[in-house]
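This is what each chain is made of:
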Amino acid sequence: NAGVTQTPKFRILKIGQSMTLQCTQDMNHNYMYWYRQDPGMGLKLIYYSVGAGITDKGEVPNGYNVSRSTTEDFPLRLELAAPSQTSVYFCASSDKRGGRDTQYFGPGTRLTVL
Amino acid sequence: AQSVTQLDSQVPVFEEAPVELRCNYSSSVSVYLFWYVQYPNQGLQLLLKYLSGSTLVKGINGFEAEFNKSQTSFHLRKPSVHISDTAEYFCAVILWNSGNTPLVFGKGTRLSVIA
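Description of the structure in this document.

1. Quick notes on the interface of chain B and chain A
Inference 1: On the chain A side, the residues contacting the 23 residues of chain B number 23 residues.
Inference 2: Along the contact surface separating chain B from chain A lie zero salt bridges.
Inference 3: On inspection of chain B and its partner chain A, the count reaches three residue pairs in polar contact (both at pLDDT 80 or more).
Inference 4: Every element with two or more residues in the side of chain B that touches chain A is listed here: strand 5 (31–38), strand 6 (44–50) and strand 10 (87–95) of chain B.
Inference 5: Take the side of chain B that touches chain A: its biggest share by element is four residues, from strand 5 of chain B.
Inference 6: Among the residues making up the side of chain B that touches chain A, the classes are represented as eleven nonpolar, nine polar and three charged.

As structure tokens, this is what we get:
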């Protein structure tokens, strides 16, 4: 199993540009998550999904959109990039049966908005 | 809502010395507790977790944590650290009957092991 994969690894955007961060998991997990990580701030949940076709907002959803058309894929869309979106983005998935929620993380995407 | 406090943002420690990373949570109901580790330029990986049973939980790389319900704590310990333990450590909590609610993470503790 490849686990959770993310592309791209690095990206530089100009203010106002848009892009999609890709996330794929091959563990047949129903639950998937997008986090951003800023220095000293820990992880903040952007969006999550409990299954194909179902998404919900996390703590910091503004400026982002998600979709979940398949179990495997959970792309994160930035429509109008802003410098405040400079961060490292992590995708994760979990098998939440019994509420035990061990999350498996991808390697991250480092995004810089200039 | 539950929350997690990691009391130390940075912990420097000499190689082969013991270390304790502190984690406290707030919840009035039963919880599941986790410690994750993030090595430089990598994603997070599970170190250990407490679901039920024995309050002393052993994880990978010689780490262990003790669940203390009365203190609402889940401190992480290792008796002798190595240079390779240098990383950021995150405590996380979820209510045992939380339904779809995701994990709540603390802000992390950066462990620096000094040779």
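2. Observations concerning the state of the cysteines
Residue and element names in this part refer to chain A.
Inference 1: One pass over the structure, following the stated rule, counts two disulfides over all chains.
Inference 2: The side chain of Cys 23 participates in a disulfide bridge whose partner is Cys 91; the two sulfur atoms lie 1.8 Å from each other. The chirality of the disulfide connecting Cys 23 with Cys 91 is left-handed, given an S-S dihedral of about -70°. In this pair, Cys 23 is assigned in strand 3 (residues 19–25) and Cys 91 in strand 9 (residues 87–94), connecting sequence segments 68 residues apart.

3. Examining unusual backbone geometry
Peptide bonds are trans in most cases, and residues, glycine excluded, mostly fall at negative phi.
Inference 1: Looking along the chain, the bond that leaves Thr 7 of chain A and enters Pro 8 of chain A is cis, with omega of -5°.
Inference 2: Looking at the element boundaries, Pro 8 of chain A is found in the loop between strand 1 (4–7) and strand 2 (10–13).
Inference 3: Of note, Glu 16 of chain B is a non-glycine position whose phi angle comes to about 75°, a positive value.
Inference 4: In this structure, Glu 16 of chain B sits in the loop between strand 2 (10–14) and strand 3 (19–21).
Inference 5: The backbone phi angle of Asn 61 of chain B is positive, close to 60°, even though this residue is not glycine.
Inference 6: Relative to the helices and strands, Asn 61 of chain B is located in the loop between strand 7 (56–58) and strand 8 (64–68).
Inference 7: We classify Asn 61 of chain B as partly exposed; its relative accessible area is 40%.

4. What about the pairing of strand 4 (residues 31–38) of chain A?
Residue and element names in this part refer to chain A.
Inference 1: For strand 4, a buried count of eight out of eight residues is recorded, marking the element as mostly surrounded by other parts of the structure.
Inference 2: By the alternation rule, side chains of strand 4 split into Tyr 31, Tyr 33, Tyr 35 and Gln 37 and Met 32, Trp 34, Arg 36 and Asp 38, which are all buried.
Inference 3: The pairing of strand 4 with strand 9 spans seven bridges and is antiparallel. Residue pairing across strands places Tyr 33 opposite Ala 92, the latter belonging to strand 9.
Inference 4: Alignment of strand 4 against strand 5 (residues 42–51), held across seven bridges, turns out to be antiparallel. Bridging from a neighbouring strand, Arg 36 pairs with Lys 44 of strand 5.
Inference 5: A loop of three residues connects strand 4 with strand 5, the two strands running antiparallel in sequence, and Gly 40 in this loop sits at a positive phi of about 75°.

5. So, the sheet that holds strand 1 of chain A
Residue and element names in this part refer to chain A.
Inference 1: Read from one edge to the other, the open sheet built from four strands follows the order 1-3-8-7, with strand pairing classed as antiparallel. Looking along the sheet, the strands with just one partner apiece sit at the ends: strand 1 and strand 7 (64–66). Neighbour-to-neighbour, the strand axes of this sheet turn through a mean angle of 20°, independent of strand direction.
Inference 2: In terms of strand pairing, strand 7 meets strand 8 (residues 76–78) through three bridges, oriented antiparallel. Across the sheet, the residue bridging to Val 66 is Leu 76, located in strand 8.

6. Examining the side chain of Ser 87 of chain A
Inference 1: By the secondary structure assignment, Ser 87 of chain A is in strand 9.
Inference 2: Ignoring any residue separated from it by four or fewer positions in sequence, one finds Ser 87 of chain A in contact with Arg 36, Gln 37, Asp 38, Thr 109, Arg 110 and Leu 111 of chain A.

7. Focus: the environment of Gly 53 of chain A
Inference 1: Along the chain, the position of Gly 53 of chain A falls in the loop between strand 5 and strand 6 (54–57).
Inference 2: On a C-alpha basis, the gap between Gly 53 of chain A and Cys 23 of chain A in space is 16 Å, while along the polypeptide they are 30 residues apart.

8. Describing the nonpolar core
Inference 1: Core analysis: the biggest nonpolar cluster contains 29 residues, and Leu 33, Trp 35, Leu 47, Leu 48, Phe 74, Leu 76 and Tyr 89 of chain B have the highest contact counts within it.
Inference 2: It is strand 10 of chain B that provides the largest number of residues to this core, a total of five residues.
Inference 3: Residues in contact with Phe 74 of chain B, not counting those within four places in the same chain, are Cys 23, Leu 33, Phe 34, Trp 35, Leu 48, Tyr 50, Val 57, Ala 65, Glu 66 and Phe 67 of chain B.
Inference 4: Tyr 33, Phe 90 and Ala 92 of chain A together with Leu 44 of chain B belong to the second-largest nonpolar core, a separate cluster that totals 20 residues.

Cut-offs and rules
Residues numbered from 1 in each chain as written. Chains lettered and ligands numbered in written order. Predicted model: local features only at pLDDT ≥ 70, side-chain atom pairs only at ≥ 80, totals over all residues. Heavy atoms only, no water. Contact = heavy atoms within 4.5 Å. Salt bridge = Lys/Arg side-chain N within 4 Å of Asp/Glu carboxyl O. Polar contact = N/O pair within 3.5 Å; in protein donor to acceptor, adjacent residues only side chain to side chain. Helix = DSSP H or I, 4+ residues; strand = E, 2+ residues; numbered from the N terminus. Nonpolar A, V, L, I, M, F, W, Y, C, P; charged D, E, K, R; others polar. Disulfide = S-S within 2.5 Å. Buried < 20%, exposed > 50% of the residue type's maximum accessible area, 1.4 Å probe, protein only. Pairing = 2+ DSSP bridges. Axes fitted to C-alpha atoms, helices over the stretch in contact; angles between N-to-C directions. Core = buried A, V, L, I, M, F, W, Y, C linked by side-chain atoms within 4.5 Å.

These results come straight from atomic positions and should not be treated as a statement about function.
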